[in-house]
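# Residue-level structural notes
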Amino acid sequence: MARLGKPILAIAIAIVSIIILSPSPGIASPKSFRGLVVGISDGDTIKVMHNGAPVTVRLNCIDCPEKSQDFGQVAKQYTASQCFKKVVRINETGHDRYKRSIGQVILPNKRALNLELVKRGYAWWYEQYAPHATEYQAAQNKARQKRKGLWQNSKPVPPWEYRKREHNVRLAHANTKG
């Protein structure tokens, strides 16, 4: 009986290890891929060719102003100047509710586009989704202190607040039509 105990224990440990170390079906495991940037939707969303098809990539840890906001077009232009028609590496961390890939964009010069946008004042550190990204927090604080980009405005409106206001305006307008 003692002789059977060791092999069974070893098998049990192996099975438990496989279960624990395997990615869960609902959780995307990080992956990396390279591709040509073929489109710029806005400052924090690009299209990258991967396996013969364009993949929409939402930059993680940041939120750029909406295109209709101050510095929204500037953020989009900066993103385009850094990566459009260039091969970048995407360090994918998952997918959002719109099925977009979420990740860090590594430029040909090895810099992270996400962080560069924050350093220049063209994006907010998205604390709600990246509370432990202290490098982004530090970059935002420095950009704010130096009044770079959107921090030139005395009271810049974060994009998540802007989107909420716009949504409420649309709802109010729709309710007055009825």
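Residues numbered from 1 in each chain as written. Predicted model: local features only at pLDDT ≥ 70, side-chain atom pairs only at ≥ 80, totals over all residues. Heavy atoms only, no water.

### Quick word on the nonpolar core
Put simply, the rule is: Buried Ala, Val, Leu, Ile, Met, Phe, Trp, Tyr and Cys residues that are joined via side-chain atoms within 4.5 Å together make up what is termed a nonpolar core. When accessible area is computed with a 1.4 Å probe and restricted to protein chains, residues below 20% of their type maximum are described as buried, those above 50% as exposed, and intermediate ones as partly exposed. Numbered from the N terminus, helices here are DSSP runs of H or I no shorter than four residues, and strands are runs of E no shorter than two. Contact definition: two residues touch when any of their heavy atoms are within 4.5 Å.
Judged by nonpolar contacts, the single largest core of 35 residues is most densely connected at Ile62 and Leu117. In terms of residue count, helix H3 (residues 113-119) provides more of this core than any other element does, four residues in total. For Leu117, the residues in contact, after removing those within four places along its chain, are Gly43, Leu59, Ile62, Cys64, Ala75, Tyr78, Thr79, Tyr122 and Ala123.

### Some thoughts on the sheet that holds strand S6 (residues 101-106)
The condition that has to hold: Here, a strand pair is defined by DSSP locating no fewer than two bridges between the strands. Note on definitions: angles span 0 to 180 degrees between N-to-C directions of axes, and those axes are lines fitted to C-alpha atoms, for helices only across the stretch in contact.
The mixed closed barrel is built from five strands, whose spatial order is S1-S2-S3-S6-S5. Geometrically, the sheet is characterised by an average inter-axis angle of 55 degrees between neighbouring strands, direction not taken into account. Pairing analysis gives six bridges linking strand S1 (residues 31-42) to strand S5 (residues 87-95), with the strands arranged antiparallel. When the sheet's bridge partners are listed, Ser32 is paired in S5 with Asn91. Most of the contacts of helix H2 (residues 72-83) go to S1, to which it runs at about 135 degrees, and overall it touches S1, strand S2 (45-50) and S5.

### Describing the packing of aromatic side chains
To describe a pair of aromatic rings, you give the distance between the ring centres and the angle between the ring planes. Quick reminder of the rule: Pairs were defined over the aromatic rings of Phe, Tyr and Trp, the Trp ring being its six-membered one, requiring ring centres within 6.5 Å. Orientation was assigned from the angle between planes: stacked under 30 degrees, edge-to-face over 60, tilted for the rest.
Following the criterion strictly, the structure yields five aromatic pairs and no others. Considering the side-chain rings of Trp124 and Trp160, the 6.2 Å spacing of their centres and the 75 degrees angle between planes classify their relative orientation as edge-to-face. Here Trp124, found in strand S7 (residues 124-125), pairs with Trp160, found in helix H5 (residues 159-177); they are 36 residues apart in sequence, far enough to count as distant. Residue classification places Trp124 among the buried residues on the basis of a relative accessible area of 5%. Taking the centre distance of 5.2 Å and the plane angle of 15 degrees together, the rings of Tyr126 and Trp160 count as stacked. Of the two residues, Tyr126 sits in the loop between S7 and helix H4 (134-145) while Trp160 sits in helix H5, which places them 34 residues apart along the sequence. Counting every residue linked through ring pairs, the aromatic cluster contains Trp124, Tyr126, Tyr129, Trp151 and Trp160.

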